[in-house]
Structures are given as structure tokens and as C-alpha cells.
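Residue-level listing of the chains:
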Amino acid sequence: MTLNRQWLLAARPHGMVGPDNFAYHEAPVPTLEDGQILLRNRYFSFDPTQRGWMMDAPSYLPPVALGEVMRAGSIGEVVQSKHPDFQTGEWVQATGGWQDFAVATPGQGPMGVTKVPDGVSPEMMLSLLGITGLTAYFGMLDLGQPKAGETVLVSGAAGATGSIAGQIARLQGCRVIGIAGGEKKCAWLRESAKFDEVIDYKSESVADQLATLCPERLDVFFDNVGGDILEAALNHLNLRARVVLCGGIANYNATEPVPGPSNLMNLVINRARMEGFIVLDYLPRAGEAIAALSAWAASGELRYEVDVQEGFEHIPRTLQRLYTGENFGKQLLRLTD
């Protein structure tokens, strides 16, 4: 415990984010002050929003500074503690960043510091019960407000958030349509996640398929993609439909300003609502989501997938997988001794 490997933000991305945006660095293992704990990171979470954190632009969190450890959610083992509520050997979830060892102060940080409950795997804690599961839960139920018998469309439906959001709508008695890319992902949505219909955007026209599959139009659209898919969905809104803006991964690596949808007047015509949200606003209610998601998973009513890479040297490349569509389910990376 003398060397702390780190990946630092070396250059802000222009276009596709990749390994060249980061620099490997070695530093001493940090020391603690009273009220802090030292974590040895074991798992990292990879989330599309990390691309936004790398930009020098106002957002819901300050940008990662050049030369700073790349921000990331993690699960680690407490190897030293100067906090009375945390003991050596406990596993916790925190914003540990891309490094072997991180100092965490309970009660601080974007996601705080949370103990991993007994019987919950790190993979489950960072996926279904982590930021993506909570995003799906509150985005679908609080903003989407699905009602039995309604038609719900989810883009990025095979992703960590979209797959859970769609299944939550199904559990509310809705007819659920998912948009995903590739035969493998679409088959999983049909067979495991039990979506009613699936559109493969890589081989089918989303606009044409929506016209065929939604003769009575859409009541809820949970959007993780933006771009042309958002525009296509806005053409099929029902009266008083709800559009939930969760993400826009289609535009995250664009090099030029992206035109907005040309058909926003459909919101007016259909008296529909389009609203964005950030899950950090819902953290005081995290217990509610975790209890529901855990129960659905335990009963077999809700399925989730994780994509676990390995090796510290592969961290930057693993982030890129999110934007090339290589990941299947929640993207994680595990560090081994």
C-alpha cells in the first residue's frame, strides 16, 4: 500500500472520447484526516454522463479539471478508517475516481458514501441498486407516470437505465416498446426483459416502425438517446403524453452543435409535457427505490445485465465502450490483485 495508480484527465475530448484523453500517473497512497476513510477501489462504474463531466462547461456538477483524477463511481474496501461509523474491511460505494486508493468523507461527495448491504454483490450495487437503477425508477415513475394500458417507448432500451425503465413500465401494466441496436440486444429485450415490441435501429427505420407499432400513439417516451430518435418519437405523441429526457448519448461526442428537434410544436398540439431530470435530486428517496427494485429482482419480475471488464490499464478504453455500443447492460470494470 505505497503506490496509488491513477488515470488523470489529460485533454478535453473533441469528438469521440478515448484513451488519448487520459494520462497514467502514479502517486503515494493518500493519508487520512479525522472523519475520513481510505478505500481500496475494487469496481468502477461507467456512465454516459462522464463525457459531460470532462467538458469545461456549466453543468449539475463542476467539470473535472485537467490533471485531476477522472471522476467515477466506485465500490471499494475500507482499508483504513478515522470515522467512527466505518470499520476496516467494510465495502462501500462512493465517488472514488479512477485510482487504486481514494479518500472519502462520509456525508460528502455527489453520491455520498454508502455501505454495501450484506448479500448484495458489488455488481448489483453499482447497477440495479446504483445510479442507473435509481435513474430508471424515479424517471419512469415520477416523471413518466405510466398507467396500466398505456403505451411506453424507451430508447437506449438495452442499456443499464433503459432496460430497467422499460421493465418498470411493464410492471405497471403498460405495453412497452424498446429501441436498441443489434440482434443480441433486441433478443434479450424480448426474451428476458419481456418487452412487448422491439425496434432494431441498426436494421429498421424507427419512424416507420413507430407508425406500424403505435396506431394509438405513445403515452410515455423515456429517452436516453436524443437526436433523430427523439424527433421520430415526438411525431407519435398521444394527447397529454409525457416525454422524459434522461440522456442524449447520440449527441455526446458531436463535434458541432446538434440541431434540436424540428417538431416541438407537437408538444403544444398534444398538450404533452417534456421534462429533464438529474437523479441526484432524488437521493433522499433512494431507500424507496432500492426496496422496490430489490423486491422485483428477488421475485424474478425484473432482470438486469452487467458487462464487467477487468484490469486497471483498460479503464479508459472501457469508458469508450459506452459510446460505441459495445457494452451490453451496465458497464463495470473490476480490479483484481
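Treat the numbers as computed from the prediction; the structure is a model and nothing was measured.

A. Fine view of the overall build of the protein. Across its full length, the protein holds ten helices and 15 strands. Whereas a compact globule of 337 residues would reach a radius of gyration of roughly 20 Å, the protein reaches 20 Å, a difference of no more than 12%. In the protein, which comprises 337 residues, the proportion classed as buried is 51%. By sequence separation, contacts in the protein at least 24 residues apart represent 67% of the contacts at least 6 residues apart. As displayed, the protein has an accessible area near 14700 Å², and 50% of this comes from carbon and sulfur atoms. Of the side chains in the protein, 27 bear a positive and 38 a negative charge, and the two mean positions are spaced by 3 Å.

B. Seen up close, the pattern of salt bridges. Under the definition given, this model contains 13 salt bridges. For E275, the salt bridge identified is with R273, shortest N-O distance 3.0 Å. On the basis of relative accessibility, which here comes to 35%, the residue E275 falls in the partly exposed class. Residues participating in the shared-partner salt-bridge network are D307, R317, R321 and E326.

C. A look at the layout of surface pockets. Within this model, the second largest pocket holds a volume of roughly 330 Å³. Forming the boundary of the second largest pocket are 19 residues, of which T95, G96, G97, Q99 and V103 lie nearest the centre. With three residues, the single largest contributor to the lining of the second largest pocket is strand β6 (residues 101-104).

D. Up close: the packing of helix α6 (residues 206-213) against helix α7 (residues 227-234). Look at α6 against α7: their axes get within 9 Å of each other, and the N-to-C directions meet at 30 degrees. Regarding the angle of α6 to α7, the classification is roughly parallel. Classified by chirality, the crossing of α7 by α6 is right-handed. Contacts from V206, A207 and L210 in α6 reach I229, A232 and A233 in α7. Grouping the amino acids of the contact of α6 with α7 by side-chain chemistry returns six nonpolar, no polar and no charged.

E. Quick peek at the environment of L3. Inspection of the secondary structure assignment puts L3 in strand β1 (residues 3-9). Among the residues examined, L3 registers a relative accessible area of 39% and is labelled partly exposed. Discounting chain neighbours no more than four positions away, the residues touching L3 are E26, A27, V29, D100 and F101.

F. Focus on empty space enclosed by the protein. If you walk through the whole model with that rule in mind, you get one cavity of 30 Å³ or more. Counted as a void, the largest cavity has a volume near 40 Å³. Every residue along the wall of the largest cavity is listed here: S127, L128, T132, A160, S163, I164, Y304, E305 and K330. With three residues, the top contributor of residues to the lining of the largest cavity is helix α4 (residues 160-171). Considering only residue class, the lining of the largest cavity consists of four nonpolar, three polar and two charged.

About the thresholds
- Chains are numbered independently. Their residues run from 1 in the order of the written sequence.
- At least 70 in pLDDT is required for a residue's local features to be given in this predicted model, at least 80 for side-chain atom pairs to be given and counted, and no such filter applies to totals for whole chains, interfaces and linings, which use all residues.
- Side-chain figures throughout are based on the complete set of non-hydrogen atoms in the structure, without hydrogens or water.
- Note on conventions: DSSP H or I runs of at least 4 residues are helices, E runs of at least 2 residues are strands, and numbering of each starts at the N terminus.
- Only the C-alpha atoms count toward the radius of gyration. The rule for a globule is 2.2 Å times the residue count to the power 0.38.
- Buried means the residue's accessible area, taken with a 1.4 Å probe over protein chains only, is under 20% of the maximum for its type, while exposed means over 50%, and partly exposed covers the values in between.
- We call two residues in contact whenever any of their non-hydrogen atoms come within 4.5 Å of each other.
- Using a 1.4 Å probe, the Shrake-Rupley method yields the accessible areas, and only the shown protein chains count as cover for residues.
- Counting rule applied: Lys, Arg positive; Asp, Glu negative; His and chain ends not counted.
- Charged groups are reduced to one reference atom each: NZ for lysine, CZ for arginine, CG for aspartic acid, CD for glutamic acid.
- Throughout this description, the term salt bridge denotes a Lys or Arg side-chain nitrogen within 4 Å of a carboxyl oxygen of Asp or Glu.
- Throughout, the protein atoms alone are placed on a 1 Å grid, and a set of points is a cavity if a 1.4 Å probe fits but cannot get out or a pocket if it is open with protein on both sides within 12 Å along at least five of seven lines; lining residues have an atom within 4 Å of a point.
- Grid points are joined across faces, edges and corners, and a volume is the space filled by probe spheres set on the points.
- Angles run from 0 to 180 degrees between N-to-C directions of axes, and those axes are lines fitted to C-alpha atoms, restricted for helices to the stretch in contact.
- When describing relative orientation, an angle under 35 degrees is termed roughly parallel and one over 145 degrees roughly antiparallel, while 65 to 115 degrees is termed roughly perpendicular and anything else oblique.
- Helix crossings are classified by the rotation of the near helix relative to the far one: an anticlockwise turn of less than a right angle makes the crossing left-handed, while a clockwise turn makes it right-handed.
- For this classification, the nonpolar set comprises Ala, Val, Leu, Ile, Met, Phe, Trp, Tyr, Cys and Pro, the charged set comprises Asp, Glu, Lys and Arg, and every other residue, Gly included, is treated as polar.

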